[in-house]
Amino acid sequence: MPVFEVTGRRAPRAAVLVEGDSDAVVVERLAASRGIRFDGGASGAELVPMQGVTNIRRIVARLRADQPRTVVLGLADAPEERFVASAIADGGAPPDRDGLAARGFFVCVRDLEDELIRALGTDAVEDALREIGDAGRFATFQRQPDWRDRARADQLHRFAGSGAGRKRALAARLAERLDASTTPVPIRGLLDRLELELG
């Protein structure tokens, strides 16, 4: 279970919560393109992969207890939106999607992989699969009876989430292809808000 620790160093001005390592590598790469480094107290920003959205309540509670001045921001996948809303509700009614954005949490339409596939297109994703040596495995996957008649974007989305290490490796390659015009709206919103908080 991940534990957010800032003992012995300055508390960050902003902590960015993401579901896992693949989300983290994308956010870190795009933040770097804006000159933002996630090194806690030194830059004022901390990146926190939660290793599963169900950990968010505990992580948010820990941050609020130990570092009450740290602003908590993050990304959420639409299917898990309710967990995030509940965790940041402060005992009140869970915010809707607009309310989440107002508090610094931005929702991916499906999940981050879906956002990346739609932003870059299926050809770019297949090219990234070739770069990480998974093109042959993807071709085999496409021939499976349950998937051979599905849209290529759906095939890529399912394949990206299977296989040890593939999700993170592919996310890293796709992040390198993003620029200001192709960055998905939820990540752009998150980074805009982070820049605002860091001043």
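Going by the structure above, here's the rest.
Residues numbered from 1 in each chain as written. Predicted model: local features only at pLDDT ≥ 70, side-chain atom pairs only at ≥ 80, totals over all residues. Heavy atoms only, no water.

Draft legend 1. Representation of the overall build of the chain within the structure. In terms of helices and strands, the chain carries 10 helices and four strands. Listing the helices and strands of the chain from first to last along the sequence gives β-α-β-α-β-α-α-β-α-α-α-α-α-α. For the chain, the C-alpha radius of gyration of 17 Å lies close to 16 Å, the compact-globule estimate for 199 residues. Counting only C-alpha atoms, the chain reaches 50 × 35 × 30 Å along its principal axes. With 199 residues in all, the chain has 49% of them scored as buried. Of the contacts made within the chain by residues no fewer than 6 positions apart, 75% connect residues no fewer than 24 positions apart. Surface summary for the chain: the accessible area is close to 9,800 Å², and the carbon and sulfur share equals 48%. Averaging the positions of the 30 positive and the 31 negative side-chain charges in the chain gives two centres separated by 2 Å. (Helix = DSSP H or I, 4+ residues; strand = E, 2+ residues; numbered from the N terminus. Rg over C-alpha atoms; globule rule 2.2 N^0.38 Å. Buried < 20%, exposed > 50% of the residue type's maximum accessible area, 1.4 Å probe, protein only. Contact = heavy atoms within 4.5 Å. Areas by Shrake-Rupley, 256 points an atom, 1.4 Å probe, with all protein chains shown as cover. Lys, Arg positive; Asp, Glu negative; His and termini not counted. Charge placed at Lys NZ, Arg CZ, Asp CG, Glu CD.)

Draft legend 2. Region of the structure containing the packing of helix α6 (residues 122–131) against helix α9 (residues 166–177). One way to put it is that α6 packs onto α9 with a least axis distance of 9 Å and a crossing angle of 125°. One finds that α6 runs oblique with respect to α9. Crossing handedness for the pair α6 and α9: right-handed. The segment α6 lies against α9, with A124, V125, D127, A128, L129 and E131 engaging L170, R173, L174 and R177. Looking at the contact of α6 with α9, its residues break down into six nonpolar, no polar and four charged. (Axes fitted to C-alpha atoms, helices over the stretch in contact; angles between N-to-C directions. Parallel < 35°, antiparallel > 145°, perpendicular 65-115°, else oblique. Left-handed = near helix turned anticlockwise from the far one by under 90°. Nonpolar A, V, L, I, M, F, W, Y, C, P; charged D, E, K, R; others polar.)

Draft legend 3. Representation of the environment of R166 within the structure. Counting through the fold element by element, R166 comes out in helix α9. The exposure class of R166 is buried, given its relative accessible area of 10%. Distance from R166 to S22, taken between C-alpha atoms, is 9.2 Å for residues 144 residues apart in sequence. With sequence-adjacent residues up to four places away left out, R166 is seen in contact with I132, D134, R137, F159 and A160. A polar atom in the side chain of R166 sits 2.7 Å from the side chain of D134. (Polar contact = N/O pair within 3.5 Å; in protein donor to acceptor, adjacent residues only side chain to side chain.)

Draft legend 4. Just the packing of aromatic side chains, in detail. Within this structure, the stated rule accounts for four aromatic pairs. Taking the centre distance of 5.3 Å and the plane angle of 35° together, the rings of F141 and W147 count as tilted. Accessibility classification places F141 together with W147 in one group, the buried group. Both rings, one in F141 and one in F159, keep their centres 5.6 Å apart while their planes meet at 45°; by these two values the pair is tilted. Linking F141 in helix α7 (residues 135–142) with F159 in helix α8 (residues 152–160), this pair joins segments that are 18 residues apart in sequence. In this pair, the class of F141 matches that of F159, namely buried. (Phe/Tyr/Trp six-rings, centres within 6.5 Å; stacked < 30°, edge-to-face > 60°.)

Draft legend 5. Region of the structure containing the nonpolar core. V16, V26, V27, F38, L75 and L194 are the most contacted members of the largest nonpolar core, which totals 41 residues. Setting aside chain neighbours within four positions, we find V27 in contact with V16, V18, F38, L47, L75, L190 and L191. Of all hydrophobic cores here, the second largest spans 18 residues; its members include V53, V72, A76 and F105. (Core = buried A, V, L, I, M, F, W, Y, C linked by side-chain atoms within 4.5 Å.)

Draft legend 6. Structural context of helix α10 (residues 185–198). Compared with the 20 Å implied by 1.5 Å per residue over 14 residues, the 20 Å span of α10 between its first and last C-alpha is a close match. Looking at α10, one finds that the buried residues are P186, I187, G189, L190, L191, R193, L194 and L198. Looking at the residues trailing α10, positive phi occurs at G199, about 70°. (Expected span 1.5 Å × (residues − 1).)

Such coordinate-based values are descriptive only and should not be taken to indicate function.
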